[in-house]
Amino acid sequence: MDIKCLRTFQAVVACGTYAKAADRLGYTQSTVTVHIKQLERDLGLPLFERIGRRMVLTQKGAEALAQAAEIIAAADRLAALGAEETALRGTLRVDMAETLLCYAMDEVIAAFRERAPGVALRLRDRTCAQVSENLREGSCDLGLTYAFDRQPDDFAIEKVGQVRIALVAAPNAPLPDLQTARLAAPLPFIIDEPDDVFRIAFEQTLHARGVAIAETMELWSSQAIKRLVGLGMGFSLFPRFAVADELARGTFAEIPDPFGEQNFPIYLGHRKTHWLTPAARLFCDLVREHLASDNEKAAASG
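Residues numbered from 1 in each chain as written. Predicted model: local features only at pLDDT ≥ 70, side-chain atom pairs only at ≥ 80, totals over all residues. Heavy atoms only, no water.

Caption draft 1: Here's a closer look at the sheet that holds strand 10 (residues 236-239). Here three strands make up an open sheet; going across it, the order is 10-7-11 and the pairing antiparallel. Here the strands that pair on one side only, and so sit at the sheet edges, are strand 10 and strand 11 (253-255). Neighbour-to-neighbour, the strand axes of this sheet turn through a mean angle of 50°, independent of strand direction. Examined bridge by bridge, strand 7 (residues 165-169) and strand 10 share four bridges and lie antiparallel to one another. The residue of strand 10 that forms the bridge with A166 is F238. Across the sheet, helix 9 (residues 222-230) is in contact with strand 7 and strand 10; its angle to strand 10 comes to roughly 130°. (Pairing = 2+ DSSP bridges. Helix = DSSP H or I, 4+ residues; strand = E, 2+ residues; numbered from the N terminus. Axes fitted to C-alpha atoms, helices over the stretch in contact; angles between N-to-C directions. Contact = heavy atoms within 4.5 Å.)

Spelled out as structure tokens, the structure:
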């Protein structure tokens, strides 16, 4: 049984079609077809059935996928045995929430570059839902975010930190009253994705209090949101570390915290079936160390 066929099988499941799997693997579509047919002959059972344009696993195909993932992970570990002296090589792909990438990971990235100069570090800012999906599909190796959509049996997920949320507006803007059942403010609430963890918690809190917001504006850049908030165009909420500088300079005013003393978790995750390279383990260790240090500082200052 050829390991290439197992990797192709895994890619087809992740991508949903032979064509997309071929693009990811750098194969022709006919090569993908040959690999799947060869694997089906070796196993003596059909792995897929076609529903529309997607290839859907049969029941036996799902069982084969789990075992294929174990074989691939074992093969990766075996291949790495003789590479200890040059272990910190290759490419590491990390997807994370935009606010974490922009405002919280500078020290981690700098330390990683110093300790692993031979690793090509590929960083992307993504929504929480995108981080989960990209991990599932295999287009990133690690995910750092505030929530994962997948179940624990799919991912290895650990809580590596926690964060408080700051609700902010320009100092001269009319600050919303979030404590009474009324129209909170004539200013728009400026926020990003509809599935944002903090947005959902905030809107649920307002709903429970009977507080209404005049308007909600959606932007997809924390810098753009900050810009409009600073111009008095609305109010928004951020992880506290993301607006610490603006609060210290007085360019933002903080609105009383709608969540009270609630903390929100920061999660680090990877696919259980994907072997963590030495570079990935180093990055995880640096994240844990950095966020643990930040939490200690926050506790001391509080």
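Caption draft 2: The arrangement of the pairing of strand 7 in detail. Counting buried positions along strand 7 yields five of five residues, so the element is predominantly enclosed. Burial of strand 7 is two-sided: the residues I165, L167 and A169 facing one way and the residues A166 and V168 facing the other way are all buried. The pairing of strand 7 with strand 11 spans three bridges and is classified as antiparallel. Bridge pairing in strand 11 places L167 opposite I255. (Buried < 20%, exposed > 50% of the residue type's maximum accessible area, 1.4 Å probe, protein only.)

Caption draft 3: Examining the sheet that holds strand 5 (residues 142-145) more closely. Spatially, the five strands line up as an open sheet ordered 4-3-5-12-6, and their pairing is mixed. Looking at strand neighbours, the two that pair on one side only are strand 4 (119-125) and strand 6 (155-163), the edges of this open sheet. Strand-to-strand, the axes of this sheet are offset by a mean angle of 20°, without reference to chain direction. Across the sheet, helix 6 (residues 106-115) lies against strand 3 (90-96) and strand 4, angled at about 165° from strand 4, the strand it touches most.

Caption draft 4: Seen up close, the pattern of salt bridges. Under the counting rule described, the total for this entry stands at 12 salt bridges. We note a salt bridge from E133 to R136, for which the minimum N-O separation is 2.5 Å. Here R136 and E133 lie together in helix 7 (residues 128-137), a separation of three residues that amounts to about one turn. For R136, a relative accessible area of 22% puts it in the partly exposed group. (Salt bridge = Lys/Arg side-chain N within 4 Å of Asp/Glu carboxyl O.)

Caption draft 5: Focus on the nonpolar core. The biggest cluster of nonpolar side chains holds 48 residues, and the ones touching the most others in it are L92, M105, F112, L144 and F283. The greatest single-element share of this core, amounting to eight residues, is contributed by helix 11 (residues 278-301). Apart from the residues lying within four places of it in its own chain, the contact partners of L92 are F112, V119, A120, L121, R122, D141, L142, A279, A280 and F283. Counting residues in each nonpolar core, the second largest holds 19 residues, with Y18, A22, M55 and A64 among its members. (Core = buried A, V, L, I, M, F, W, Y, C linked by side-chain atoms within 4.5 Å.)

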